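Residues per chain, in single letters:
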Amino acid sequence: MTERSLVLVKPDGFERGLVGEVLRRIEAKGYTLVALQILTPDRDRLAKHYAEHEGKPFYDSLLEFMSSGPVAAVAIEGVRCIEGFRSLAGSTDPTKAPPGSIRGDLGRDWGQGSTQNIVHGSDSPESAARELAIWFPELSD
Ligand code: DAT
Ligand code: MG
């Protein structure tokens with residue numbers, strides 16, 4: 001079934017000029033780009049986006065990092081693209097993420113307070129719907 005997912009190229013990826021590389025991998029996989037926006041997210045938006053992590057030790061530094069500069073927010077579409085993009089991204093810790101994945105090929109641990117790992121991808125259909133409404137309200141019915 002065709003579905004949509006939210007991808008973010010985080011400030012570390014944007015600063016390193018990796019937006020094109022991430023989009024290239026999404027398109028090479030065969031997913032469609034539905035919407036794309038460059039913006040520096042404010043803390044209100046990030047608090048909504050990362051509500052599940054509120055209260056965790058890395059939460060404050062995560063919001064600090066994510067609001068530190070421009071990100072590319074991308075709505076993608078394709079059959080099983082939620083699961084598929086998570087696979088393209090690789091696991092959360094870029095040191096352990098497998099080579100071949102975005103995080104495994106392009107990310108590393110910089111020793112910061114929150115893990116910097118190039119990309120975000122929605123982790124379930126429920127998360128995708130919730131997150132797309134936060135970043136692309138105009139796409140919602
Ligand atoms: P993912 O981005 O793989 O879905 P997540 O939702 O568990 O991972 O966490 C959101 C982001 O928060 C993650 O991309 C990097 C950061 N993070 C997660 N766990 C962390 C930890 N234990 N220490 C530092 N940063 C962490
Ligand atoms: Mg997550």
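Quick caveat: nothing in here was measured; it's all calculated off a predicted structure. (Residues numbered from 1 in each chain as written. Chains lettered and ligands numbered in written order. Predicted model: local features only at pLDDT ≥ 70, side-chain atom pairs only at ≥ 80, totals over all residues. Heavy atoms only, no water.)

A.B. asks: Account for the pattern of salt bridges, naming residues and giving values.
C.D. replies: Working definition: two side chains of opposite charge can pair if their charged atoms are close together. In the structure shown here, the tally under the stated rule is six salt bridges. Put simply, R25 and E21 hold a salt bridge, and the shortest N to O gap is 2.7 Å. One end of the pair, R25, and the other, E21, are both in helix α2 (residues 19-29), four residues apart, so they sit about a helical turn from each other. On the basis of relative accessibility, which here comes to 15%, the residue R25 falls in the buried class. The partner of R43 in a salt bridge is E64, with the nearest N and O atoms 3.6 Å apart. A residue pair is termed long-range when its members are at least 10 positions apart, and R43 in helix α3 (residues 43-49) and E64 in helix α4 (residues 59-66) qualify at 21 residues. The network of salt bridges with shared partners includes E21, R24, R25 and D105. (Salt bridge = Lys/Arg side-chain N within 4 Å of Asp/Glu carboxyl O. Helix = DSSP H or I, 4+ residues; strand = E, 2+ residues; numbered from the N terminus. Buried < 20%, exposed > 50% of the residue type's maximum accessible area, 1.4 Å probe, protein only.)

A.B. asks: A description of the site of ligand 1 should follow, citing residues and the corresponding values.
C.D. replies: Around ligand 1, a shell composed of K10, Y50, H53, F58, L62, R86, T92, R103, G113, S114, T115 and N117 is seen. One of the side-chain N or O atoms of H53 is found 2.9 Å from an oxygen atom in ligand 1. Within the complex, the protein chains bury 74% of what would otherwise be the 510 Å² of accessible surface of ligand 1. Among the residues forming the shell around ligand 1, the class breakdown is three nonpolar, six polar and three charged. (Near = heavy atom within 4 Å. Polar contact = N/O pair within 3.5 Å; in protein donor to acceptor, adjacent residues only side chain to side chain. Areas by Shrake-Rupley, 256 points an atom, 1.4 Å probe, with all protein chains shown as cover. Nonpolar A, V, L, I, M, F, W, Y, C, P; charged D, E, K, R; others polar.)

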